Amino acid sequence: MRKVLPILLAIAIAAPALADVTVSVSDAGSETAQIALAIDGGAVVRGVALKVTITGAELAAIADVTDVMAAFNAYIDYYYSNPGFLGGLADETALPGTGAHALADPDAAGVLATLPATTFVISLGALDNSGSQGGVAAGGVLANIKLSNFGGSTAQVCIEPDALRGGIVGDNLGTVSATACADIASAPQECVKSTAPFYAAWVQFGKPNCWCYQYNCRGDANGTMEGNAITGFRRVFNQDLNILLSAYDVKEPPKGPGIATITNGICADFDHLQEGNAITGFRRVFNQDLNILLASYDVKEPPKGPGLTPCDSANYNFWVTP
């Protein structure tokens, strides 16, 4: 027994420690799912075959999968579908090669051939151009996936090892976790937030883009500047004044034809409120809007003047330019 113990101890010391490998998915913003690889020391990942399933959106183009981890420099399924591709490279240092990509068919060997797609495989290998076996020992972003054509406010992206290609392979792998899902938010489709106090009025008048000009609340009815580099540029000037004058004191039905009958008239409703009452009639463009315009009229932008302060962004998802 005394002789056996040192031998067992030597074996235990020589045995490589196993390390955990985790692949996760999260919302990176801008309608993008980010897939990340984490390696808990000691493991070497030599190949990744990860099945991606999208529900409530889709992948529109190959180019929408970006930031593929450079350490995985072999796009196995692309080379399978393009057998002459490798022969056209000067040497293996040119991998993965122009035009090659990591997206594979989820049901058979070869590249992803049909787009848009809701299911595909990210197929990657790691080669060592020095002649060794190669592998990836440090984690990071594996890929970013830009989604398109959302069916609602969110889509779900799920990942799992692709059994057809072997999933995650390498050396000293302990627990491999690569099954996960994440909700990916779609970008706001409306420039005005639904919580804005004037949202209902914005909808009532056809969701005019001009209400989302960054300086509309300051009297900018057309979203453009007038002037030149010599005299200076003005965000609120004659063109805006003319739009206001065309809509000024136009009453809403039943007392008048309504602002909707005036081309771009609603763009001069700078406070997004109506003035008046049921007896005299309601006007979308009246004295309050005129006063807003006059306060900003002929104010030049830097360096010729102080410029105007943008509208408060709290009520907007994004700004619109004409």
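Cut-offs applied
- Residues numbered from 1 in each chain as written.
- Predicted model: local features only at pLDDT ≥ 70, side-chain atom pairs only at ≥ 80, totals over all residues.
- Heavy atoms only, no water.
- Helix = DSSP H or I, 4+ residues; strand = E, 2+ residues; numbered from the N terminus.
- Rg over C-alpha atoms; globule rule 2.2 N^0.38 Å.
- Buried < 20%, exposed > 50% of the residue type's maximum accessible area, 1.4 Å probe, protein only.
- Contact = heavy atoms within 4.5 Å.
- Areas by Shrake-Rupley, 256 points an atom, 1.4 Å probe, with all protein chains shown as cover.
- Salt bridge = Lys/Arg side-chain N within 4 Å of Asp/Glu carboxyl O.
- Core = buried A, V, L, I, M, F, W, Y, C linked by side-chain atoms within 4.5 Å.
- Disulfide = S-S within 2.5 Å.
- pLDDT = per-residue confidence, 0-100.
- Axes fitted to C-alpha atoms, helices over the stretch in contact; angles between N-to-C directions.
- Parallel < 35°, antiparallel > 145°, perpendicular 65-115°, else oblique.
- Phe/Tyr/Trp six-rings, centres within 6.5 Å; stacked < 30°, edge-to-face > 60°.
- Lys NZ or Arg CZ within 6 Å of the ring centre and 35° of its normal.

Draft legend 1. Just the overall build of the protein chain, in detail. If you tally the helices and strands in the protein chain, you get five helices and 15 strands. A globule of 322 residues ought to have a C-alpha radius of gyration of about 20 Å, yet the protein chain, at 30 Å, is considerably larger. Across its three principal axes, the protein chain shows a C-alpha extent of roughly 105 × 45 × 40 Å. Relative to its full complement of 322 residues, the protein chain shows a buried share of 41%. Long-range pairs, those at least 24 residues apart, make up 68% of the contacts in the protein chain between residues at least 6 apart in sequence. Accessible surface computed for the protein chain: about 16300 Å², of which carbon and sulfur atoms make up 55%.

Draft legend 2. Up close: the pattern of salt bridges. Summed over all chains, the structure comprises nine salt bridges. Between aspartate 77 and arginine 165 there is a salt bridge whose closest N-O contact spans 2.9 Å. In this pair, aspartate 77 is assigned in helix α2 (residues 76-81) and arginine 165 in the loop between β8 (154-161) and β9 (168-171), connecting sequence segments 88 residues apart. Judged by relative accessible area, which is 6%, aspartate 77 ranks as buried. A relative accessible area of 21% places arginine 165 in the partly exposed class. Residue aspartate 298 is joined to arginine 234 by a salt bridge in which the shortest nitrogen-to-oxygen separation is 2.4 Å. Taken together, the positions of aspartate 298 in the segment after α5 (287-296) and arginine 234 in strand β13 (residues 232-234) put the pair 64 residues apart, joining distant regions of the chain. Counted as one network, the salt bridges with shared partners bring together Asp77, Asp162 and Arg165.

Draft legend 3. Highlighting the nonpolar core. Ile35, Phe72, Ile122 and Ile145 are the most contacted members of the largest nonpolar core, which totals 48 residues. Sorting the residues of this core by element identifies β1 (19-29), β2 (32-39), β3 (44-55), α2, β6 (119-125), β7 (140-146), β8 and β11 (180-185) as the ones contributing at least two each. In terms of residues, this core owes the most to one element, β3, which gives five residues. Once residues within four sequence positions are removed from consideration, isoleucine 122 is found in contact with Ile35, Val48, Ala49, Leu50, Val52, Ala102, Leu103, Ala143 and Ile145. Listed in part, the 29 residues of the second largest apolar core include Ala196, Tyr199, Tyr215 and Cys267.

Draft legend 4. Seen up close, the state of the cysteines. As enumerated under the stated definition, the model contains four disulfides in all. Across the disulfide from cysteine 191 sits cysteine 212; the S-S distance is 2.0 Å. Around the S-S axis, the bridge from cysteine 191 to cysteine 212 shows a dihedral of about 70° and counts as right-handed. With cysteine 191 in the loop between β11 and α3 (199-204) and cysteine 212 in the loop between α3 and β12 (226-228), this pair connects stretches of sequence that are 21 residues apart.

Draft legend 5. Layout of the environment of glycine 125. Mapping glycine 125 onto the fold places it in strand β6. Here glycine 125 falls in the buried class, since its relative accessible area comes to 6%. Spatially, the C-alpha atom of glycine 125 lies 17 Å from that of glutamate 160, the residues being 35 residues apart in sequence.

Draft legend 6. Examining the confidence of the model for the protein chain more closely. Confidence in the prediction for the protein chain averages 91 pLDDT; 91% of positions are at 70 or higher. Note that residues 1-15 has pLDDT below 50 and, in this model, zero contacts with residues that lie over four places away or in other chains.

Draft legend 7. Broad picture of the packing of helix α4 (residues 238-247) against α5. Between α4 and α5, the least distance of the axes is 11 Å, while the angle of their chain directions is 170°. Our classification of the angle between α4 and α5 gives roughly antiparallel. Residues Asp240, Leu241 and Leu244 of α4 form the contact with α5, whose participating residues are Asp289, Leu290 and Leu293.

Draft legend 8. Structural view of the packing of aromatic side chains. A complete count under the given rule lists nine aromatic pairs for this structure. For the ring pair tyrosine 248 and phenylalanine 286, a centre distance of 5.2 Å and an interplane angle of 25° mean the geometry is stacked. Placement of tyrosine 248 in the loop between α4 and β14 (275-277) and of phenylalanine 286 in the loop between β15 (281-283) and α5 is noted, with a sequence separation of 38 residues between them. Its relative accessible area of 28% is what places tyrosine 248 among the partly exposed residues. For phenylalanine 286, a relative accessible area of 16% corresponds to the buried category. Through pairs of rings, three or more aromatic residues link up here, namely Phe198, Trp211, Tyr316 and Trp319. In this arrangement the basic side chain of arginine 234 is found over the ring face of phenylalanine 237, its NZ or CZ atom lying 4.6 Å from the centre.

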